[in-house]
Amino acid sequence: MEDNLAIILNDSNKTISKLQLLSTFFEEEIIYKIYLRSQVVHKLFETNPELDINKLELFHLQYTSTVIELLRKIKASNERNVSILYDEIQINKDLIENINDSVFSEKNYQLDKQKQSLKINLSLRKLYQVLSDNSEDYPFSKNINAFSARFSQDFYFDISTEALNELIKFNPADVYRNNSAIIQRKLMGLLCKMDFKTEFFCGLSAGNLILEVYRFLNMDRYFLFFPTKNLFLFCDLSKITDVDWSNTLSKKTRIVQELTDKNDNLMSRANVLKTVIPDNVQALLKEYYEKISDVDFLQHIGRFDVQTNILKTMLNTNVI
């Protein structure tokens, strides 16, 4: 008899420990209350040997084990749903890593902007000499288009083809031209006046066509370079209405930022989803707790009640 008592009490402790782990996992007040109440029931039988110990075993079989099994099913279901979010998070992380491996850094871009400005300024100075001397010499610096080829996809602003065509329109009477380039007469005059001191301002792209926009130092005046035709024209930035000039991030940097923010949101959702308990189960657990907290509960411990039957039914359906 004492061996049977010890076995049932030991099994009861193991069952309650399982419930404790689940209460810690879900961090739900009602589960913690059920766990505490189960401890009270256990202690009642442990300290009162005159009570029928078999009722403690029956209590766990009918109630505690059913709750444990139900909570485990919810936990497994939640973990399956969370795993889908974790898979998406990992896919985003892999994409971020690939982008970071392939993208030129902001530091590269800033350094090469200075080199490109120097190439353009030297080319324009040489173009002035070629036009003045009516020479056939090629005025452009070596690899002058390499900068756009390297950075346009990531760092240039997108504009429409219509907007680009509007920017490169010019009156033939207003330009100098030779076999190498076309440049607005007044632009060349201002370049000479400013001693060909300009800096790269931004790049614009419309499909495969690109423009480079330059700014005169210490002056709010701009001109464009259209590499396809080696064309130089004044550029009125107010005509470019579909560009957010305040957005200084590269396209890939923006993608990385968006993916990082998305992963933060997914992780928050996963943390919530991992321990969520459906409302109908929560309501039932509250009724269940009220049942086992009833002072007359132990007198009717052998009877299957409505809550127990509903708990067991949930285990065998797709409610969860």
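Use the structure listed above.
Remember, predicted model here, so these are calculated numbers, not experimental data.

Some details on unusual backbone geometry
Alright, step 1. With a phi close to 60°, Asp195 is a non-glycine residue in the positive phi region.
Alright, step 2. One can find Asp195 in the loop between α7 (185–193) and β4 (198–206).
Alright, step 3. Its identity as a non-glycine residue notwithstanding, Asn230 has a phi of 50°, on the positive side.
Alright, step 4. Along the chain, Asn230 turns up in the loop between β6 (222–226) and β7 (231–234).
Alright, step 5. Overall, Asn230 belongs to the buried group, its relative accessible area being 14%.

Some thoughts on helix α2 (residues 29–47)
Alright, step 1. Given a rise of 1.5 Å per residue, 19 residues ought to cover 27 Å, and the 27 Å separating the end C-alpha atoms of α2 matches this to within 8%.
Alright, step 2. Among all positions of α2, only Ile30, Ile31, Ile34, Tyr35, Ser38, Val41, His42 and Phe45 are buried. One face of α2 carries all of its buried residues, which in axial projection span an arc of 145°.

Considerations on the packing of helix α4 (residues 106–133) against helix α5 (residues 146–155)
Alright, step 1. It is at 11 Å that the axes of α4 and α5 come closest, and there the two elements cross at 135°. In terms of their interaxial angle, α4 and α5 are classed as oblique. Seen from above, α4 lies across α5 with left-handed handedness. On α5, the residues that touch Glu106, Asn108, Tyr109, Asp112, Lys113 and Gln116 of α4 are Phe147, Arg150, Phe151 and Phe155.

Overview of the packing of aromatic side chains
Alright, step 1. Applying the stated rule across the entire model yields 23 aromatic pairs.
Alright, step 2. Seen in terms of ring centroids, Phe147 and Tyr156 are 6.5 Å apart; in terms of plane orientation they differ by 45°. Their pairing is tilted. Tyr156 shares its class with Phe147; the two are buried.
Alright, step 3. Looking at Lys75, its charged tip hangs above the ring of Phe25, at a distance of 4.8 Å from the centre.
Alright, step 4. The positively charged end of Arg221 is found above the aromatic ring belonging to Phe234, 4.4 Å away from the centroid.

Focus on the nonpolar core
Alright, step 1. Counting residues in each nonpolar core, the largest one holds 26 residues, and the members touching the most others are Leu56, Leu71 and Leu285.
Alright, step 2. Looking at this core, the elements that each hand over two or more residues are α1 (2–26), α2, α3 (53–102) and α9 (279–293).
Alright, step 3. With residues near it in sequence (within four places) discarded, Leu71 still touches Leu19, Leu22, Phe26, Ile31, Ile277 and Leu285.
Alright, step 4. Judged by nonpolar contacts, the second largest core, of 24 residues, contains Phe155, Ala181, Ile183 and Leu187.

Quick word on the packing of α5 against helix α8 (residues 251–274)
The description of two helices packed together rests on the angle between their axes and the distance between the axes.
Alright, step 1. Contact geometry of α5 with α8 gives a least axis separation of 6 Å together with a crossing angle of 35°. For the pair α5 and α8, the contacting residues are Ser152, Gln153 and Asp154 in the first and Lys251, Lys252 and Thr253 in the second.
Alright, step 2. Residues belonging to the contact of α5 with α8 are distributed by class as follows: no nonpolar, 3 polar and 3 charged.

Cut-offs applied
Residues numbered from 1 in each chain as written. Predicted model: local features only at pLDDT ≥ 70, side-chain atom pairs only at ≥ 80, totals over all residues. Heavy atoms only, no water. Helix = DSSP H or I, 4+ residues; strand = E, 2+ residues; numbered from the N terminus. Buried < 20%, exposed > 50% of the residue type's maximum accessible area, 1.4 Å probe, protein only. Expected span 1.5 Å × (residues − 1). Arc of directions from axis to C-beta. Axes fitted to C-alpha atoms, helices over the stretch in contact; angles between N-to-C directions. Parallel < 35°, antiparallel > 145°, perpendicular 65-115°, else oblique. Left-handed = near helix turned anticlockwise from the far one by under 90°. Contact = heavy atoms within 4.5 Å. Phe/Tyr/Trp six-rings, centres within 6.5 Å; stacked < 30°, edge-to-face > 60°. Lys NZ or Arg CZ within 6 Å of the ring centre and 35° of its normal. Core = buried A, V, L, I, M, F, W, Y, C linked by side-chain atoms within 4.5 Å. Nonpolar A, V, L, I, M, F, W, Y, C, P; charged D, E, K, R; others polar.

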